[in-house]
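Fold and geometry: a report
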Amino acid sequence: MKVEIKGNTLKLMIGDITKQETEAIVNAANGTLLGGGGVDGAIHRAAGKELLEACKEIRKNVLQGKELPTGEAVITKGYRLPAKYVIHTVGPVWKGNTNNEEKLLSNCYNNSLQLAKEKGIQSISFPSISTGVYRFPVDLASKVALTTITDFLKIQPFGEVVMTLFSQNDYDVYEASLKEMLSSD
Ligand code: ADP
């Protein structure tokens, strides 16, 4: 599904984000930036070990050894990926919505888009942040993600934003949320 928002494109598709040819892809990282399972592991495997080295550099020199806070984003090159850049953001762990999870998830999308825009990037792919190991319910996550992305695109000229969903079920949930949002506009 593809929609136009103020001259920008928002696309939903099923696919493997490591194969995406957008200028940037977003990694659902953890605060250590040292890689992990799920999409994070897949991105590190496909990008090669230079990506881990670049992440270690950021930990040391940008974050003074600390972890990347939840909702924040940093950027590296994409190394062996088709994408030129990887934006690493840390999604919130779902704790029953007792911990500001919706706002933190929205920050992930917003800060990633803001950082991409600052770097002059015009196309970006997101995975469904936090809905894997971090257990954020997909339906609520889709509404947070799509609202944040569309609110951004309504006020900023950007280019193309792709939500790369990893299963038919995730795609169906995101598509239903997007249709509902558009019909209530
Ligand atoms: P989190 O820790 O933020 O929950 P996960 O990596 O566990 O991150 O899951 C986030 C989402 O990414 C899940 O929907 C998972 O199915 C999906 N995913 C896993 N591998 C890929 C991939 N190669 N491309 C796109 N999405 C992926």
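Residues numbered from 1 in each chain as written. Predicted model: local features only at pLDDT ≥ 70, side-chain atom pairs only at ≥ 80, totals over all residues. Heavy atoms only, no water.

As recorded by an unreviewed UniProt entry, the protein chain carries the name O-acetyl-ADP-ribose deacetylase and is attributed to Pueribacillus theae.

Two quantities define a packed helix pair, namely the angle between the axes and the distance from one axis to the other. Packing of helix 4 (residues 138–155) against helix 5 (residues 168–183) leaves a shortest axis separation of 9 Å and a crossing angle of 50 degrees. Considering their axes alone, helix 4 and helix 5 lie oblique with respect to each other. The element helix 4 and its partner helix 5 pack so that their crossing is right-handed. From helix 4, V138, D139, A141, S142, K143, A145, L146, T147 and T150 reach across to helix 5, where they touch D170, V173, Y174, S177, L178, E180 and M181. Residue composition of the contact of helix 4 with helix 5, by class: 8 nonpolar, 4 polar and 4 charged. (Axes fitted to C-alpha atoms, helices over the stretch in contact; angles between N-to-C directions. Helix = DSSP H or I, 4+ residues; strand = E, 2+ residues; numbered from the N terminus. Parallel < 35°, antiparallel > 145°, perpendicular 65-115°, else oblique. Left-handed = near helix turned anticlockwise from the far one by under 90°. Contact = heavy atoms within 4.5 Å. Nonpolar A, V, L, I, M, F, W, Y, C, P; charged D, E, K, R; others polar.)

With that out of the way, let us pick up the packing of helix 1 (residues 38–47) against helix 2 (residues 49–62). Packing of helix 1 against helix 2 leaves a shortest axis separation of 5 Å and a crossing angle of 115 degrees. Considered as vectors, helix 1 and helix 2 are oriented roughly perpendicular to each other. Along the contact surface, helix 1 presents I43, H44 and A47, while helix 2 presents L51, L52 and C55. Here the residues of the contact of helix 1 with helix 2 sort into 5 nonpolar, 1 polar and no charged.

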